Amino acid sequence: MSTTRMMILGLVNWMQPVHGYDVRRELLSWSADKWANVQPGSIYHALRKLTEEELLREVTTEQVGGRPARTTYEITPKGLDELDNLLRGYWWEIKPVSDPFFAALSFLPALPREEVAAALRNRAGQLRAANESMALAAEKGWLREKPANVTWMWELMVARNEGEIAWCDRVAGLVESGVSYLPERMTPGVTEWERWRQQVE
């Protein structure tokens, strides 16, 4: 929620006075649901909650014809303080990334080696496709009219993907080579993981 809070407060501050509809449209145009985990269905709820917390204020509510009413928002001084704190927190602190892949990786020996290697190579392939898609968008001029920080953000995403692609390829090769998953002191005898694999198979 804190990422969504920051994104909404930042956009309202930038675009105010602004309708909730325009905040949602802008966030979707940024694909914020993919890289900032801002869920489109949560935006209006977040606007109402931020208003209840007096971080935003409602300026007007308009209704044109049979269309749903649209509320215009502005940021409050309290909201500016919150935005400032969130921004500086994200700039100066490294937050752990919550990726379910790490949870699955902790149980790596539970799957057959062939499947693990195939899954890693598939993950690398998906990341390559994502980088190729971003490169194609850049070639078509998508970034040309964007601020420099948007270009740098794309470069960071590409660099992270490249790092993970290299890691996936390297570990897939190790898995295929038969490297032991366990430290040497734990290798003699039948391990609990091996018993589990025998039961599964």
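Structure: see above.
Residues numbered from 1 in each chain as written. Predicted model: local features only at pLDDT ≥ 70, side-chain atom pairs only at ≥ 80, totals over all residues. Heavy atoms only, no water.

A. Representation of the packing of helix H1 (residues 2-15) against helix H4 (residues 43-52) within the structure. At their nearest, the axes of H1 and H4 sit 10 Å apart, and the two run at 75° to each other. As far as their axial angle goes, H4 and H1 are roughly perpendicular. Together, Thr4, Arg5, Ile8, Leu9 and Val12 of H1 and Ile43, Ala46, Leu47 and Leu50 of H4 make up the contact between the two elements. Along the lines of polarity and charge, the residues of the contact of H1 with H4 split into seven nonpolar, one polar and one charged. (Axes fitted to C-alpha atoms, helices over the stretch in contact; angles between N-to-C directions. Helix = DSSP H or I, 4+ residues; strand = E, 2+ residues; numbered from the N terminus. Parallel < 35°, antiparallel > 145°, perpendicular 65-115°, else oblique. Contact = heavy atoms within 4.5 Å. Nonpolar A, V, L, I, M, F, W, Y, C, P; charged D, E, K, R; others polar.)

B. Main features of the nonpolar core. Ranked by internal contacts, the top residues of the largest apolar core, which has 21 residues, are Ile8, Leu9, Val12, Val23, Leu27 and Leu56. If you list the elements that add at least two residues to this core, you get H1, helix H2 (20-29), H4, strand S3 (70-75) and helix H5 (77-92). Considering every element that reaches this core, the biggest residue donor is H1, with six residues. Beyond its immediate chain neighbours, meaning those up to four positions away, Leu27 contacts Met7, Ile8, Leu11, Ala32, Val38 and Ile43. (Core = buried A, V, L, I, M, F, W, Y, C linked by side-chain atoms within 4.5 Å. Buried < 20%, exposed > 50% of the residue type's maximum accessible area, 1.4 Å probe, protein only.)

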